[in-house]
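Architecture at a glance
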Amino acid sequence: MSLFLTSRRVRGGLTGLAVAAMVLTTAACGGTTRGEDEGSSSGGDAAGASADPDAEIPADLAVAFLPKQLNNPYFDVAATGSERAVGEIDGEFSQVGPSEASASSQVSYINTLTQQGADVILTSANDPNAICSALDQARSGGASVVTFDSDTDPECRDLFINQATAEGIAQTQIDTMADQIGGAGQVAILSATANATNQNTWIELMTEYAAQEYPDMEIVTTVYGDDEDEKSFQETQGLLQTYPDLKGIISPTTVGISAAARYLSGSEYKGRVALTGLGTPNQMREFVQDGTVTAFALWNPEDLGYLAAYAGAALAAGQITGEEGETFEAGDLGEYEVGADGVVVLGEPTVFSADNIDDFDF
């Protein structure tokens, strides 16, 4: 089920309730929005090429999905959305990726996709810079590159599909935690990898927002579970041993929050230490129902993957070039608009609690 309760309108101007769907302010110039003086091209097209909104999507478009790591529940759901979109345009879908979410682990897969002549590469970056050289080669070879979930340096891609604004995601997590601990006390962050672009942006903004809005909330540390279940579980245990007065844990990663919930649910800290962050309803349902977790948030990752695939197809067809103000159709999601710096915003995440979690299945 989609998270969106809004109509299928152009999403470039969405405003949030708890989350303001503005253009991601941390993004710099996108690959397809650079001027000719920078001598770049995107997706194999000459710089400055004009969009043709009526262009047909090429037959048998080869779309490759490259997540941070395989067998990650979040990316499995996103891949389902991308595969569905590619099927709707009669393209060819493939998924490849590393088993571990390390900084350079995606490079060899990008190089192979370039050699195989992929038309579109959809990727969530483990590091903002580590895969840039490989992506540049892919684009020089004619591929359109769309990042989603976690961006590269914007010079290395054509579009970024942002799940929501970084500010909104950060504020939602801090506000949710503050509601649970009365706005005061020690809070720790359990992140994914140390180089993850999205995680680091959210953490920086969470720290700033908490200091401004909740001066009695102290973020004592950030630890990294590397998006591995067992390591995240162990890091949770370590946090509780190191900080006996800890009031809450924020984990802005689906692997981390579910591992932390599993540890808390079987420990003396259940009901004493609050946990929130970003997770999927199916992962977190049992922990909401047993009282371990009160509330958490997420957008629909299936919609994120679906939108990324349609954006890549629109680029490959020449329907858009990545310029601000261009629009394209994204199947069942309707029309979207390219924002500043080559960013397309999916929409607004939902906060899940016992009141609504059973309304969602992903």
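To start, this report covers the structure provided alongside it. (Residues numbered from 1 in each chain as written. Predicted model: local features only at pLDDT ≥ 70, side-chain atom pairs only at ≥ 80, totals over all residues. Heavy atoms only, no water.)

In an α-helix there are 3.6 residues to a turn, and that puts residues three or four apart on one side. Helix length check: helix H4 (residues 166-181), at 16 residues, gives a terminal C-alpha distance of 23 Å against a target of 22 Å (1.5 Å per residue), a fit within 8%. When you tally the buried positions in H4, you get twelve out of 16 residues, the bulk of the element. The complete set of buried residues in H4 reads Ala 166, Glu 167, Gly 168, Ile 169, Ala 170, Thr 172, Gln 173, Ile 174, Thr 176, Met 177, Ala 178 and Ile 181. (Helix = DSSP H or I, 4+ residues; strand = E, 2+ residues; numbered from the N terminus. Expected span 1.5 Å × (residues − 1). Buried < 20%, exposed > 50% of the residue type's maximum accessible area, 1.4 Å probe, protein only.)

Core analysis: the biggest nonpolar cluster contains 83 residues, and Leu 122, Phe 148, Ile 161, Met 217, Trp 299, Leu 307 and Phe 328 have the highest contact counts within it. Among the elements that line this core, the one with the most residues is helix H9 (residues 301-317), at ten residues. Looking at which domains feed residues into this core, each of domain 1 (62-163 + 301-346) and domain 2 (166-298) supplies at least three. When neighbours within four sequence positions are excluded, Phe 328 is seen to be in contact with Leu 307, Tyr 310, Ala 311, Ala 314, Ile 320, Gly 334, Glu 335, Tyr 336, Val 338 and Val 344. Within the second largest apolar cluster, 15 residues are counted, among which are Ile 110, Ala 134, Ala 138 and Cys 156. (Core = buried A, V, L, I, M, F, W, Y, C linked by side-chain atoms within 4.5 Å. Domains from an automatic or database assignment. Contact = heavy atoms within 4.5 Å.)

The strand order S7-S6-S8-S9 describes an open sheet built from four strands, whose pairing is parallel. Edge strands, defined here as strands with exactly one partner in the open sheet, are strand S7 (217-224) and strand S9 (274-277). On average, each strand axis in the sheet is inclined to that of its neighbour by 25 degrees, with strand direction left out of account. As paired elements, strand S6 (residues 185-191) and strand S8 (residues 246-251) share four bridges and run parallel to each other. Within the sheet, the bridge partner assigned to Gln 186 lies in S8 and is Leu 246. The strands that H4 touches are S6, S7, S8 and S9; relative to S9, the one it contacts most, it runs at about 165 degrees. Relative to S7, helix H5 (residues 197-213) is tilted by about 165 degrees, and along the sheet it contacts S6, S7 and S8. (Pairing = 2+ DSSP bridges. Axes fitted to C-alpha atoms, helices over the stretch in contact; angles between N-to-C directions.)

Turning next to the pairing of strand S5 (residues 159-162). Because side chains alternate across S5, one face comprises the buried residues Leu 159 and Ile 161, and the other comprises Phe 160 and Asn 162, equally buried. Of the strand pairs in this sheet, strand S4 (residues 144-148) and S5 are connected by three bridges, and their pairing is parallel. Bridged to Phe 148 within S5 is Ile 161.

Let us look at the pairing of S8. Of all the six residues making up S8, five are buried; the element is thus mostly covered by neighbouring parts of the structure. Direction of pairing for S8 relative to S9: parallel, over a ladder of four bridges. Bridge pairing in S9 places Ser 251 opposite Gly 277. For the crossover that starts at S8, traverses helix H7 (residues 254-265) and ends in the parallel S9, the hand is right-handed. (Right-handed = clockwise from strand over helix to strand, strands pointing away.)

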